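Here are the chains, one letter per residue:
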Amino acid sequence: MKIQIINGPNLNLLGRREPGIYGSEGFESFFEELKAKYHGITLHYFQSNVEGEIINQLHQVGFTFDGIVMNAGAYTHTSVAIADAIAAIKTPVIEVHISNVYAREEYRHHSMMAKNCKGIITGFGLQSYELGLKSFL
Ligand code: DQA
């Protein structure tokens, strides 16, 4: 089984970025733990702050991988282009968020891409990614 994790803008700063909201663990160390725990699965990780690069990655894996766990960061709330890319590919996408977006500012309550995703997981810290991954098993 092949699963792609995609992180969008500012998520390269996890561990240093607003730790009160996003926690103090960087994604790289979490990803290593995840790979060790789910060693039977081929897990790939991609992060970009650039909308078009995220779309390119969706196109690249979106016809061959079994699942995509994606935290599009702020693009979740704004990007028609990423929403269209999710609709265009065959691989199911789970939308995940570290924070509970519904407990935050109103502009975070709307997701452009949710309707094209298989499901949404929000508010469980980095565990949101693991829950997304588990949904494909
Ligand atoms: C986020 C929530 C978004 O609103 C925000 O723009 C992010 C991170 C989360 O994981 O909680 O960058 O997706």
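What counts, and where the lines are drawn
- Residues numbered from 1 in each chain as written.
- Predicted model: local features only at pLDDT ≥ 70, side-chain atom pairs only at ≥ 80, totals over all residues.
- Heavy atoms only, no water.
- Helix = DSSP H or I, 4+ residues; strand = E, 2+ residues; numbered from the N terminus.
- Contact = heavy atoms within 4.5 Å.
- Axes fitted to C-alpha atoms, helices over the stretch in contact; angles between N-to-C directions.
- Left-handed = near helix turned anticlockwise from the far one by under 90°.
- Nonpolar A, V, L, I, M, F, W, Y, C, P; charged D, E, K, R; others polar.
- Salt bridge = Lys/Arg side-chain N within 4 Å of Asp/Glu carboxyl O.
- Buried < 20%, exposed > 50% of the residue type's maximum accessible area, 1.4 Å probe, protein only.
- Core = buried A, V, L, I, M, F, W, Y, C linked by side-chain atoms within 4.5 Å.

Description of the environment of A81
Among the structural elements, A81 can be located in helix α4 (residues 80–88). For the pair A81 and I55, spaced 26 residues apart in sequence, the C-alpha separation works out to 7.6 Å. The contact partners of A81, leaving out residues within four places of it in the chain, are E51 and I55.

Examining the packing of helix α2 (residues 27–37) against helix α5 (residues 127–134)
The interhelical angle for the contact between α2 and α5, taken along N-to-C directions, is 30 degrees, at an axis separation of 11 Å. Considering the relative orientation of α2 and α5, their crossing is right-handed. For the pair α2 and α5, the contacting residues are F27, F30, L34 and K37 in the first and Y129, E130 and L133 in the second. Class assignment for the residues of the contact of α2 with α5 results in five nonpolar, no polar and two charged.

A closer look at the pattern of salt bridges
Within this structure, the stated rule accounts for four salt bridges. The closest approach of N and O atoms between K37 and E130, which form a salt bridge, is 2.7 Å. Note that K37 is positioned in helix α2 and E130 in helix α5, a separation of 93 residues in sequence. Assessed through its relative accessible area of 55%, K37 is described here as exposed. The exposure class of E130 is buried, given its relative accessible area of 11%. Residue R108 pairs with E105 through a salt bridge whose shortest N-O separation is 2.7 Å. With a relative accessible area of 16%, R108 lands in the buried category. Overlapping salt bridges bring together R104, E105 and R108 as one network.

Overview of the nonpolar core
Judged by nonpolar contacts, the single largest core of 21 residues is most densely connected at I5, F27, L43 and Y129. Listing elements by their share of this core, those giving two or more residues are β1 (2–7), α2, β4 (93–97) and α5. Among the elements that make up this core, the one with the highest residue count is α2 (four residues). Apart from residues no more than four positions distant in its own chain, Y129 is found in contact with I5, N7, L11, F27, F30, V69, N71, V96 and I98. In terms of nonpolar packing, the next biggest core, distinct from the first, is built from 19 residues, I6, I68, M113 and C117 among them.

Worth remembering: the numbers are spatial, not functional.
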